[in-house]
Number of protein chains: 2
Amino acid sequence: IAKEVAKLLEMKAQLGGDEGKHKFVLKTPKGTRDYSPKQMAIRERVFNAIITCFKRHGAEVIDTPVFELKETLTGKYGEDSKLIYDLKDQGGELLSLRYDLTVPFARYLAMNKITNIKRYHIAKVYRRDNPAMTRGRYREFYQCDFDIAGQFDPMIPDAECLKIVHEILSDLQLGDFLIKVNDRRILDGMFAVCGVPDSKFRTICSSVDKLDKMPWEEVRSEMVGEKGLSPEAADHIGEYVQLHGEHCGVEPVALIQHLPREQVAPDSAGASQLAAVYLTHSYQLSCRAGHCLCPASARLAVPELLGADPWEALGCGGTVSRQKLAGKLLILSISSNLRIPAAQEGDYASEEKIRTTETQVLVASAQKKLLEERLKLISELWDAGIKAEVLYKKNPKLLNQLQYCEDTGIPLVAIVGEQELKDGVVKLRVVATREEVNVRRESLVEEIRMRTSRP
Amino acid sequence: IAKEVAKLLEMKAQLGGDEGKHKFVLKTPKGTRDYSPKQMAIRERVFNAIITCFKRHGAEVIDTPVFELKETLTGKYGEDSKLIYDLKDQGGELLSLRYDLTVPFARYLAMNKITNIKRYHIAKVYRRDNPAMTRGRYREFYQCDFDIAGQFDPMIPDAECLKIVHEILSDLQLGDFLIKVNDRRILDGMFAVCGVPDSKFRTICSSVDKLDKMPWEEVRSEMVGEKGLSPEAADHIGEYVQLHGEHCGVEPVALIQHLPREQVAPDSAGASQLAAVYLTHSYQLSCRAGHCLCPASARLAVPELLGADPWEALGCGGTVSRQKLAGKLLILSISSNLRIPAAQEGDYASEEKIRTTETQVLVASAQKKLLEERLKLISELWDAGIKAEVLYKKNPKLLNQLQYCEDTGIPLVAIVGEQELKDGVVKLRVVATREEVNVRRESLVEEIRMRTSRP
């Protein structure tokens, strides 16, 4: 226990500007950030919207350690494996920080022999990437994963995942958005038609995937130059890609009609139509341009924000994917990288005053020698569940107490005075209007609750 | 994006028992654990109690990265430094996982030149300790820290910290508890009286600190043998230690009376009395054995649970400490290590059925071909904020749907049928009582809300 004290004494020595031999290096590691109370208030708001939605859909929640055995992660991320943070070998097991939440989830399922679960997991993941912090890309960032694992009748949970994405994006009021729906089997059919050899499906898929970041010409030259695809096959892919314009505004069924029937997996058209039925008829979602095929994506669905606003960079460009494990266990995933750039949070915060506490009332006094009475009153309020603060001064000035409320957004002040104590009342002041009323002490809790309840 | 697919394909290959060349090692790293949905439900309940209390006292919240620059942690933890997890040098900065939340907090304050803040921080910390997982001691575990940093009039925030500890322990209903209150200056006075040289204060403090784990004889021989304290000084300390019995039931003021006046810091007696006034008079806390001095602790206050119950091992033996940084900034800390042993969670969970979801209603049907109608109804419920689930089957049996509610604790079933659809009603079944009522569709949301609101 005394170690803590020793440690603090060390810190004291180090912080003390005078001695200052060992100065703190005052920075967070590259690509990481602290969250200030203001940024935490925004984060809480976003997480609340997401968690509320996940719970509304009956999801459980799990948590896994921040690191895994190194071999659990080995071979799971292809060329991105170089971005994994390894821990130093200090004797014992070799460990790595998690790179995503999907591999730990798969490990959890296998370890506990779970074949049926609907769970969410919101946690930080780690990638030794080149951070672009101005765009909200960090080396430590949150993922919000929702997965349905099990065996189900076709497309029912798939449609629910899209509904969830729709609910969250609507709830966050991020502006207009478009959810691109795809079916990997259609992409495979397209590759087959274009003459891509089976062995190159995956690597060519990675190239096509870059179309949102690179022009077609560059993607084509990567396919042909680096990956050894024939120029004819590449050009054939190009025809399909260019068929679909900027927002890929072609319905899956329409693309299927461009492909020879024998190249399309027998139920892929049916599956797309089935999903569309659930989405439009049952969930009443608009399916105009909203649900279309983007051949550039191997995911089931990718939401994309249209237009720019302070929240745009939330990085809600999550994805819904669908994959079978061990040939039978289907996992449907919604994965969203939350990448809120600090700068944009600032913009947002300045527009709308964001409170960093939920304090309902400051317990104050106008006269001296009332500290114990202030403490007695605040204790009553705390015990009744009221969020309350008091200044840690024996005899604070009333003006300073009112100023504190202005600075922190506390809406009410409960003022204790000699006369009020005698009369069994408390003076309640509304900070915004400067209105003051005497409230009987036994009604104070109810009065504060009433005045601070959200409409 | 396609990387994800590639990764999942890899996982598929690895999980597929047939090929199974590279088998997953199905374990979490030594000293760590997953949290199952049931364990998460308990964790959420505990965190809610703690966070609600911290917010009630007007605290803000911050977050810092899981790792810090290695040099930020260097020299802060004495001989415990060997327990720090270092990251591998992969080029770039040398990093370590945080060992506690105090050093990152101090780094945050210094970096942002903050001199006044009341914040909490709940996060995982990492110690390469020898885990005793049956006792809830892990290498990855949560700390819940609440700190008040600033300059204040004496003992006001100190008393508030004790009130907070009292509120949280009461709220968690952990059983009877005792908060041991101390003043480091009294301990220093005692050392001076006993003839401990100034240079040995810290190391002798560490030894005395072990009295809760070791008998006095062992502590004494560590002081004399390893640390070179004179046998006379050690025996003198022993007199004081033995003066205080098992629960150290001596009030600070009483111990002070045993010490020569000139050896006690002038305001330490006054400070203790002042804190006692705030605690007993203003906060009306019982101060019988409850607030006493334990010379074995260098902390301001250490709560200790009396008696055993399933929650005992929560490890709520947090501490309140008080230290100045840079000679002026006072930090008051409440730090609690949450160490919930998985086994005891199980005990607890079996006594009381713990739900892992909050689902209010299952949307079901008794007849076939009503999937789209089920989806339509559940969509209405979701959009109204009702937590609802549906089985992902085209034509599930009613019995299976009811069984699902029994298994997961969903209290209500909304049953869609041909006749009900015609009549504009939904059959609402209460799972516990098997009572069934027809509810008009437009009243369904209100009816579900009413029947599932907590009393």
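Because the structure is a prediction, the values reported are computed rather than measured.

So, about the overall build of chain A. Each helix and strand counted, chain A has 16 helices and 15 strands in total. Going through the 455 residues of chain A one by one, you find that 55% of them count as buried. Counting only contacts in chain A whose residues sit at least 6 apart along the sequence, the fraction spanning at least 24 positions is 66%. About 19,600 Å² of surface is accessible on chain A, with carbon and sulfur atoms providing 49% of the total.

A pair can form between side chains of opposite charge whenever their charged atoms are brought close. Throughout the structure, instances matching the rule amount to 52 salt bridges over all chains. A salt bridge links Glu140(A) to Lys124(A); the shortest N-O distance between them is 3.6 Å. With Glu140(A) in strand E5 (residues 140–150) and Lys124(A) in strand E4 (residues 117–126), this residue pair connects regions lying 16 residues apart in the sequence. Grouping residues by exposure puts Glu140(A) and Lys124(A) together as buried. Note that Arg441(A) is salt-bridged to Glu380(A), the shortest N-O span being 2.9 Å. Taken together, the positions of Arg441(A) in the loop between strand E15 (436–440) and helix H16 (444–452) and Glu380(A) in helix H13 (residues 371–383) put the pair 61 residues apart, joining distant regions of the chain. Several salt bridges share partner residues, and in doing so they unite Arg43(A), Lys124(A), Glu140(A) and Asp63(B) into one network.

With the rule as written, the count across this model stands at 18 aromatic pairs over all chains. Ring centres of Phe67(A) and Tyr126(B) lie 5.7 Å apart, and the angle between their planes is 55 degrees; on these two criteria the pair is classed as tilted. Of this pair, Phe67(A) sits in strand E2 (residues 67–69) while Tyr126(B) is found in strand E4 (residues 117–126), placing the two residues in two different chains. Each member of the pair, Phe67(A) as well as Tyr126(B), is classed as buried. Ring geometry for Tyr77(B) and Tyr99(B): centres 4.3 Å apart, planes at 45 degrees, overall tilted. Here Tyr77(B), found in the loop between helix H3 (70–73) and strand E3 (95–97), pairs with Tyr99(B), found in the loop between E3 and helix H4 (102–111); they are 22 residues apart in sequence, far enough to count as distant. Each member of the pair, Tyr77(B) together with Tyr99(B), is buried. Chaining the aromatic ring pairs together yields one cluster made of Phe54(A), Tyr120(A) and Phe146(A). The ring of Phe105(A) is capped by Arg119(A), whose NZ or CZ atom sits 3.9 Å from the centre of that ring. The ring centre of Tyr35(B) lies 4.3 Å from the NZ or CZ of Arg33(B), which sits over that ring.

Let us look at helix H7 (residues 201–208) of chain B. Among the residues of H7(B), those classed as buried are Phe201(B), Ile204(B), Cys205(B), Ser207(B) and Val208(B). The arc enclosing the buried residues of H7(B), seen along the axis, measures out at 160 degrees, which places them on a common side.

Let us look at the sheet that holds strand E12 (residues 388–389) of chain A. Residue and element names in this part refer to chain A. In spatial order, the strands read E12-E11-E13-E14-E15; together these five strands make up an open sheet with mixed pairing. Sheet topology places E12 and E15 at the edges, where each strand pairs with a single neighbour. Sheet analysis places strand E13 (residues 412–416) next to strand E14 (residues 425–430), joined by four bridges and oriented antiparallel. Pairing of Leu 412 across the sheet is with Val 430, part of E14. This element, H13, spans strand E11 (361–365), E12, E13 and E14 of the sheet and lies at about 160 degrees to E11. Set on the sheet, helix H14 (residues 398–408) makes contact with E11, E12, E13 and E14; between it and E11 the angle comes to about 175 degrees.

To continue, consider the sheet that holds strand E14 (residues 425–430) of chain B. Residues and elements named next belong to chain B. Strand order in the open sheet made by the five strands is E12-E11-E13-E14-E15, with mixed pairing throughout. The sheet is open, and its two edges are formed by strand E12 (388–389) and strand E15 (436–440), each paired on a single side. Where strand E11 (residues 361–365) lies against strand E13 (residues 412–416), five bridges are found, and the strand directions are parallel. Bridging from a neighbouring strand, Ala 364 pairs with Ile 415 of E13. In the packing of helix H14 (residues 398–408) onto the sheet, contacts are made with E11, E12, E13 and E14, and the angle to E11 comes to roughly 175 degrees.

What follows covers helix H13 (residues 371–383) of chain B. Residues and elements named next belong to chain B. Its 13 residues place the ends of H13 18 Å apart at the C-alpha level, agreeing with the 18 Å of an ideal helix rising 1.5 Å per residue. What H13 keeps buried is the set Leu 371, Arg 374, Leu 375, Leu 377, Ile 378, Ser 379, Leu 381 and Trp 382. Of the residues trailing H13, Gly 385 is marked for its positive phi of about 85 degrees.

Moving on, we get to the nonpolar core. Among the nonpolar cores identified, the biggest contains 110 residues, and Phe146(A), Val361(A), Leu381(A), Phe146(B), Val361(B) and Leu381(B) are the most heavily contacted of them. Those residues in contact with Leu381(A) that sit more than four places away from it in its chain are Val361(A), Val363(A), Ile386(A), Ala388(A), Leu444(A), Val445(A) and Ile448(A). Core analysis: the second largest hydrophobic core is formed by 19 residues, Leu187(B), Met190(B), Val219(B) and Leu229(B) among them.

Residue and element names in this part refer to chain A. Per the UniProt record, "binding site: L-histidine" (unreviewed entry) is annotated on Asp 100, Leu 101, Thr 102, Arg 127, Gln 143, Asp 147 and Arg 299. One can find Asp 100 in the loop between strand E3 (95–97) and helix H4 (102–112). Separated by 2.8 Å, the side chains of Asp 100 and Tyr 77 make a polar contact. Checked against the element boundaries, Arg 127 lands in the loop between E4 and E5.

A few words on the packing of helix H7 (residues 201–208) of chain A against helix H8 (residues 216–226) of chain A. All names here are of chain A. Where H7 contacts H8, the axes come no closer than 9 Å and their chain directions differ by 160 degrees. Taken as axis vectors, H7 and H8 run roughly antiparallel relative to one another. Between H7 and H8 lies a crossing of right-handed hand. Contact residues: Ile 204, Ser 207 and Val 208 in H7; Val 219, Glu 222 and Met 223 in H8.

What follows deals with unusual backbone geometry. Non-glycine residue Arg434(A) carries a positive phi angle of around 65 degrees. With respect to the element layout, Arg434(A) can be found in the loop between E14 and E15. The backbone phi angle of Lys113(B) is positive, close to 50 degrees, even though this residue is not glycine.

The rules behind these values
Residues numbered from 1 in each chain as written. Chains lettered and ligands numbered in written order. Predicted model: local features only at pLDDT ≥ 70, side-chain atom pairs only at ≥ 80, totals over all residues. Heavy atoms only, no water. Helix = DSSP H or I, 4+ residues; strand = E, 2+ residues; numbered from the N terminus. Buried < 20%, exposed > 50% of the residue type's maximum accessible area, 1.4 Å probe, protein only. Contact = heavy atoms within 4.5 Å. Areas by Shrake-Rupley, 256 points an atom, 1.4 Å probe, with all protein chains shown as cover. Salt bridge = Lys/Arg side-chain N within 4 Å of Asp/Glu carboxyl O. Phe/Tyr/Trp six-rings, centres within 6.5 Å; stacked < 30°, edge-to-face > 60°. Lys NZ or Arg CZ within 6 Å of the ring centre and 35° of its normal. Arc of directions from axis to C-beta. Pairing = 2+ DSSP bridges. Axes fitted to C-alpha atoms, helices over the stretch in contact; angles between N-to-C directions. Expected span 1.5 Å × (residues − 1). Core = buried A, V, L, I, M, F, W, Y, C linked by side-chain atoms within 4.5 Å. UniProt positions renumbered as here; feature names shortened; annotations may be inferred. Polar contact = N/O pair within 3.5 Å; in protein donor to acceptor, adjacent residues only side chain to side chain. Parallel < 35°, antiparallel > 145°, perpendicular 65-115°, else oblique. Left-handed = near helix turned anticlockwise from the far one by under 90°.

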